[in-house]
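Examination of the molecular architecture
Here's the letter readout for the chains.
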Amino acid sequence: LIGVSIGEVVDGVFVGLPEYKLKITGGSDRNGTPMRGDLPGNKRVKLLLSDGLGFHEIYHGERRRVAVRGATISDAIVQINMKVTEYGPKTIEEILNPAPEGEAPAEN
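The paragraphs below set out a description of the structure included in this document. Note that the structure is a prediction, hence the values are computed from the model and not measured. (Residues numbered from 1 in each chain as written. Predicted model: local features only at pLDDT ≥ 70, side-chain atom pairs only at ≥ 80, totals over all residues. Heavy atoms only, no water.)

**Let's talk about the overall build of the protein**
Tallying secondary structure elements over the protein gives 1 helix and 5 strands in all. Its C-alpha atoms give the protein a radius of gyration of 18 Å, more than 25% over the compact-globule value 13 Å for 108 residues. On the principal axes, the C-alpha backbone points of the protein span a range of 60 × 30 × 25 Å. Looking at the protein as a whole, 29% of its 108 residues qualify as buried. For the protein, the share of sequence-separated contacts (at least 6 apart) that also reach a separation of at least 24 residues comes to 59%. Of the roughly 7600 Å² of accessible surface on the protein, 50% is carried by carbon and sulfur atoms. Treating the 13 positive side-chain charges of the protein as one cloud and the 15 negative ones as another, the clouds have centres 16 Å apart. (Helix = DSSP H or I, 4+ residues; strand = E, 2+ residues; numbered from the N terminus. Rg over C-alpha atoms; globule rule 2.2 N^0.38 Å. Buried < 20%, exposed > 50% of the residue type's maximum accessible area, 1.4 Å probe, protein only. Contact = heavy atoms within 4.5 Å. Areas by Shrake-Rupley, 256 points an atom, 1.4 Å probe, with all protein chains shown as cover. Lys, Arg positive; Asp, Glu negative; His and termini not counted. Charge placed at Lys NZ, Arg CZ, Asp CG, Glu CD.)

Now the structure itself:
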């Protein structure tokens, strides 16, 4: 997924969900620095933020210089947030937790 940006739709086969479509909504690096969709590139930069993604003000009008990452996924990103945009024929539970052979699927 290196080189893909926030907001792009990717095939679910990358995470073990064939025939699913997933939209990238964010992520973070090994230090927990969040990615911002409005920042191009993949570098880690310090921005002066007032409120929003990466910083939440304690009192009205507070601003702080905070480290954030760009919107493009690089090898430094360790966690990616995604949401399902198109579902496949099987449910996610059936794909990730298959029933052992010879047993009937559990009913709720």
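Don't stop here, the text continues.
**Digging into the packing of aromatic side chains**
Geometry of an aromatic ring pair is reported as the spacing of the ring centres plus the angle between the planes. Evaluated as defined, the whole model comprises 1 aromatic pair. Residues Y20 and Y87 carry aromatic rings whose centres are separated by 5.9 Å and whose planes lie at 70 degrees to one another, so their mutual orientation is edge-to-face. Of this pair, Y20 sits in the loop between β1 (9–11) and β2 (21–29) while Y87 sits in the loop between β5 (77–86) and α1 (92–96), and the two are 67 residues apart along the sequence. Y87 sits in the exposed class, given a relative accessible area of 63%. (Phe/Tyr/Trp six-rings, centres within 6.5 Å; stacked < 30°, edge-to-face > 60°.)

**Some remarks on the nonpolar core**
Membership of the largest hydrophobic core is limited to 7 residues, which are V4, V10, L22, I24, M35, I73 and I77. Not counting residues within four places of it along the chain, the set of residues in contact with I77 comprises S28, D29, M35 and R69. Formed by 5 residues, the second largest nonpolar core is a distinct cluster that contains L39, F55, V66 and V68. (Core = buried A, V, L, I, M, F, W, Y, C linked by side-chain atoms within 4.5 Å.)

**Description of the sheet that holds β2**
Spatially, β1-β2-β5 is the arrangement adopted by the 3 strands of the open sheet, whose pairing is antiparallel. Each edge of the open sheet is held by one strand with a lone partner, namely β1 and β5. Recorded for the sheet is a direction-independent mean angle of 50 degrees between the axes of neighbouring strands. Pairing geometry for β2 and β5, over 8 bridges, is antiparallel. Across the sheet, the residue bridging to S28 is Q79, located in β5. (Pairing = 2+ DSSP bridges. Axes fitted to C-alpha atoms, helices over the stretch in contact; angles between N-to-C directions.)

**Let's talk about the pattern of salt bridges**
Across all of its chains, the model carries 4 salt bridges by this definition. Where E62 meets R64, a salt bridge forms, and the shortest distance between an N and an O atom there is 2.6 Å. A residue is classified by how much of its surface remains accessible, and E62, at 4% relative accessible area, is buried. (Salt bridge = Lys/Arg side-chain N within 4 Å of Asp/Glu carboxyl O.)

Keep in mind that these numbers describe shape and distance, not what the molecule does.
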